[in-house]
Structures are given as C-alpha cells and as structure tokens.
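Fold and contact review
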Amino acid sequence: MLSRVANSVYWMHRYIERAENYARFMSVNFNLALDLPPNVNQQWEPLLIATADNYLFDKYYKQPTRENVIHFMTFEKRNPNSIVSCLSNARENARTIREVISKEMWEHLNQFYLKVRETSPKQQWGEVQTQSFFTDIRNDTQLFYGIIDATITRNEAWHFGRLGRFLERADKTSRFLDVKYFTLLPEIEAVGSTLDLMIWSAVLKSVSAYNMHRQQYRSLTPSSIVEFLILDKMFPRAVAHCIRQAELSLYEISGNNISHGFGNIAERTLSKLRAEIEFTETADVFKTGLHQYLDHFQTRTNEIGASIFETYFDLKPIEV
C-alpha cells in the first residue's frame, strides 16, 4: 500500500473519532446539568484545558462561557480540532482515497459533513436541542463505523484505520478523566461527596460507560471508575483495550509475529506502553497522581503517533 494512501486512511479514522469525542466532551456538562444542585454553576473551561485547546481559545475569545466554548469546539474553523474542522479533514482524506473505501462510506461521510457544516452556529438553542445535536453526531459516527465493518475487506487499509481510531480513542478517554481533574469543586471538603460522585458519573455517561461499570462494580467510586476506564481490557473505550487493539492492528500491518517481539520503532513504542498498562494497578495510578499519570500517557501516545509516521508515512524517495 502506498504510504500516502495509508496516511489518509489512518487520519480519516482519527479525525472521525476526534469529532465524536468532542461531542462527547460537551455531553459531560449536559449530563451534569441534569443532576447538579441549583447553587453549583456549570464549568466549561475544564473542557478546553483537558483537550489542550485553551491557549487557542484565549486567542479568539474573552470568556469561556457556555456559548463560546460550544461554538469554539463545534463550529470554529480556526480551531483545527473543532467538530466541523475534523469532519472536513476526514472528508478530504476520504476524497483522495476513494479507490480504497466503499461507496457507502464516502456517501455517509459526505452527508455527515454537509449536515454539520450547514447547521447554523448562530442559532440560540436550548439545552435539549443542543444535546440532541451532539447525540446525532455520535450516532452518525457509530453508523459510519458500522458501514466500515460491513463493507470493508480486512486488509492493510482496514488495519491502518483501526490503528488510528483506537489510538485517538485511548487519548481522548484519558482526557475525559482529565476533565474531572480540572473541574473545580466549590470547597476542598466536597472531594468524595455526592457532588464529586455526580461529576464522576457524568464522565462515565459521556463515554457510554455508566451501565457497563454498574454491571461490574457494586458501587460508584473514583477508584472503580479509574480502574474501569484505564485498566479494563474488555470495555471498548477503556485505555487498555484501545491500546491492545491498536497494537494488534500494527503487527498485522507489518506481518510480524507479536509473540516474537517488535520489528520496528512503532511496534516497540506501542508494545512497551501496552505492557506497562497491563502491569499497572489502580493504586499505582493514584500513587503517581491521576493527572500526572494521564499527562504522561498522553505524551506517550504522541510519541507513538510520531513513530508510526516515521515508520510508515515519512518514506523518503529512493535516490538513484
């Protein structure tokens, strides 16, 4: 497969996953709004800090109000991570590789992008209408993945797509947990209180993990939530599961036998991170500090992305 084609497949999936997760980020606050007592205000700045978009936001906006944050993370074309920017980039990548994706994939992605682009960001939506819009984005993303599973041969292109999707998902799941870290409680004594657990519950609901967590754990605690979203090997949005799936696809691409060890720098960096997560316990995470652990993990995923680029996409022309 041409490195140009592989790169486009990889980034098409990363951008789609990023768009969905940005919709989920804003759902954190909408889920909170249903349970928060009237004396506690919603906080929108934590979403910007957790996604590392706060510096760019400050360049164009004065205050992190509800309207400003939603517009910046959804419709702002000057923000390369906004939902409309991600869908535009995913569509452009798909357009350049029409020959390796299915007709159904292209048609759905094209319609998906046009629907979001044509939505007026100036509309004064209420809470229900706004949340319904973000739910539609999540549903359209899930439909796109369903089309891929039903129409694409399990070849190199499919594995490059899975690799991009799961790396992006692992990174964003870690940032959902960071949203909790950056959400300030009214008083330090509120840590561990009912209000604190409400915020944790909102994070779980936003990554569609609330029901699966309740099946597995008797009670809702910070420890059980961190264990489930970071270390669980079976839940599809858990960090450990995502990193393992990305690793399996990476080895399928190279044809190396995973049991025989790594064959290139990309496999080495990804397998090393997977092994570290596999031997991590929840107590280790809290001993390091949740935010510090997540920050280190995000740095490692960036390094993995760079090593994948170096191994597969940054191919220099052969000099004759």
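Cut-offs used in this document
- Residues numbered from 1 in each chain as written.
- Predicted model: local features only at pLDDT ≥ 70, side-chain atom pairs only at ≥ 80, totals over all residues.
- Heavy atoms only, no water.
- Helix = DSSP H or I, 4+ residues; strand = E, 2+ residues; numbered from the N terminus.
- Rg over C-alpha atoms; globule rule 2.2 N^0.38 Å.
- Buried < 20%, exposed > 50% of the residue type's maximum accessible area, 1.4 Å probe, protein only.
- Contact = heavy atoms within 4.5 Å.
- Lys, Arg positive; Asp, Glu negative; His and termini not counted.
- Charge placed at Lys NZ, Arg CZ, Asp CG, Glu CD.
- Axes fitted to C-alpha atoms, helices over the stretch in contact; angles between N-to-C directions.
- Parallel < 35°, antiparallel > 145°, perpendicular 65-115°, else oblique.
- Left-handed = near helix turned anticlockwise from the far one by under 90°.
- Nonpolar A, V, L, I, M, F, W, Y, C, P; charged D, E, K, R; others polar.
- Salt bridge = Lys/Arg side-chain N within 4 Å of Asp/Glu carboxyl O.
- Phe/Tyr/Trp six-rings, centres within 6.5 Å; stacked < 30°, edge-to-face > 60°.
- Expected span 1.5 Å × (residues − 1).
- Domains from an automatic or database assignment.
- Buried area = accessible area lost by both parts, 1.4 Å probe.
- Polar contact = N/O pair within 3.5 Å; in protein donor to acceptor, adjacent residues only side chain to side chain.
- Core = buried A, V, L, I, M, F, W, Y, C linked by side-chain atoms within 4.5 Å.

Glancing now at the overall build of the protein. A count of helices and strands for the protein gives 15 helices and zero strands. The C-alpha radius of gyration computed for the protein amounts to 20 Å, which stays within 12% of the reference 20 Å derived for 320 residues, consistent with globular compactness. Taken over the C-alpha atoms alone, the protein extends approximately 70 × 45 × 35 Å along its principal axes. Per-residue burial for the protein yields a buried fraction of 54% across its 320 residues. In the protein, the proportion of contacts linking residues at least 24 apart, taken out of those at least 6 apart, comes to 68%. Taken as two groups, the 36 positive and 38 negative side-chain charges of the protein have centres that lie 3 Å from each other.

Once that is clear, we can look at the packing of helix α13 (residues 265–278) against helix α15 (residues 290–313). The relative placement of two packed helices is expressed as an angle between their axes plus a distance between the axes. Packing of α13 against α15 brings their axes to within 7 Å, and their N-to-C directions diverge by 155°. Accordingly, the angle class assigned to the pair α13 and α15 is roughly antiparallel. Crossing hand, α13 versus α15: left-handed. For the pair α13 and α15, the contacting residues are Ile 265, Ala 266, Glu 267, Thr 269, Leu 270, Lys 272, Leu 273, Glu 276 and Ile 277 in the first and Tyr 293, Phe 297, Arg 300, Thr 301, Ile 304, Ser 307, Ile 308, Glu 310, Thr 311 and Tyr 312 in the second. Among the residues making up the contact of α13 with α15, the classes are represented as 10 nonpolar, four polar and five charged.

A separate point is the pattern of salt bridges. Counted according to the given criterion, the structure contains 20 salt bridges. The residue Arg 154 makes a salt bridge to Asp 149 at a minimum N-O spacing of 3.8 Å. The class for Arg 154 is partly exposed, based on a relative accessible area of 42%. With a relative accessible area of 40%, Asp 149 lands in the partly exposed category. Among the ionic pairs, Glu 278 bridges to Arg 274, the shortest N-O distance being 3.5 Å. A residue pair is termed a helical-turn pair when its members lie 3 or 4 positions apart in one helix, as Glu 278 and Arg 274 do in helix α13 at four residues.

On to the packing of aromatic side chains. Counted by the stated rule, this structure contains 15 aromatic pairs. The interplanar angle of 80° and the centroid separation of 5.8 Å between the aromatic rings of Tyr 61 and Phe 72 together place this pair among those described as edge-to-face. Here Tyr 61 is found in the loop between α3 (54–60) and α4 (66–74), whereas its partner Phe 72 is found in helix α4, with 11 residues between them in sequence. Judged by its relative accessible area of 13%, Tyr 61 is buried. By relative accessible area, which is 0% here, Phe 72 ends up buried. For the pair Phe 228 and Phe 235, a centre-to-centre distance of 4.9 Å together with 35° between the ring planes defines the contact as tilted.

With that settled, the discussion passes to helix α6 (residues 103–117). The terminal C-alpha atoms of α6, which comprises 15 residues, lie 21 Å apart, in line with the 21 Å expected from a rise of 1.5 Å per residue. Among the residues of α6, those classed as buried are Met 105, Trp 106, His 108, Leu 109, Asn 110, Phe 112, Tyr 113 and Val 116.

To continue, consider helix α12 (residues 239–254). A turn of α-helix holds 3.6 residues, and therefore any two residues three or four places apart point the same way. Look at α12: 23 Å from first C-alpha to last across 16 residues, which is about the 22 Å you get at 1.5 Å a residue. Across the 16 residues of α12, 12 count as buried, placing the element largely inside the fold. Every buried residue of α12 is listed here: Val 239, Ala 240, His 241, Cys 242, Ile 243, Gln 245, Ala 246, Glu 247, Ser 249, Leu 250, Tyr 251 and Ile 253. Residues of α12 that are buried make contact with α8 (156–182), α11 (222–231), α13 and α15. Phi for Gly 255, located one or two positions after α12, is positive at around 85°.

Moving on, we come to the domain arrangement of the protein. Under the domain assignment, the protein is made up of domain 1 (1–151) and domain 2 (154–314). Residue-level contacts link 34 residues of domain 1 with 35 residues of domain 2. With both chains or domains summed, domain 1 and domain 2 bury close to 3,200 Å², and 62% of this area falls on carbon and sulfur atoms. Our count for the domain 1 to domain 2 interface comes out at six salt bridges. Glu 168 is the partner of Arg 18 in a salt bridge, and the nearest nitrogen-oxygen pair spans 2.8 Å. Our enumeration of links across domain 1 and domain 2 arrives at 12 residue pairs in polar contact (both at pLDDT 80 or more). The element contributing the most residues to the side of domain 1 that touches domain 2 is helix α1 (residues 3–33), with 18 residues.

The next point concerns the packing of α12 against α13. At a closest axis distance of 10 Å, the pairing of α12 and α13 adopts a crossing angle of 150°. As judged from the angle between their axes, α12 and α13 are roughly antiparallel. The way α12 lies across α13 gives a crossing that is left-handed. When α12 is examined against α13, the residues Val 239, Ala 240, Ile 243, Arg 244, Ala 246, Glu 247, Leu 250, Tyr 251 and Ser 254 are found in contact with a partner set consisting of Ala 266, Glu 267, Leu 270, Ser 271, Leu 273, Arg 274 and Ile 277. For the contact of α12 with α13, the class distribution of residues is 10 nonpolar, two polar and four charged.

Counting residues in each nonpolar core, the largest one holds 96 residues, and the members touching the most others are Ile 83, Leu 163 and Leu 229. Sorting elements by how many residues they give to this core places α1 first, with 15 residues. Summarising the domain contributions, this core has at least three residues from each of domain 1 (1–151) and domain 2 (154–314). Ignoring any residue separated from it by four or fewer positions in sequence, one finds Ile 83 in contact with Ala 19, Tyr 22, Ala 23, Met 26, Met 73, Thr 74, Val 116, Phe 134 and Ile 137.

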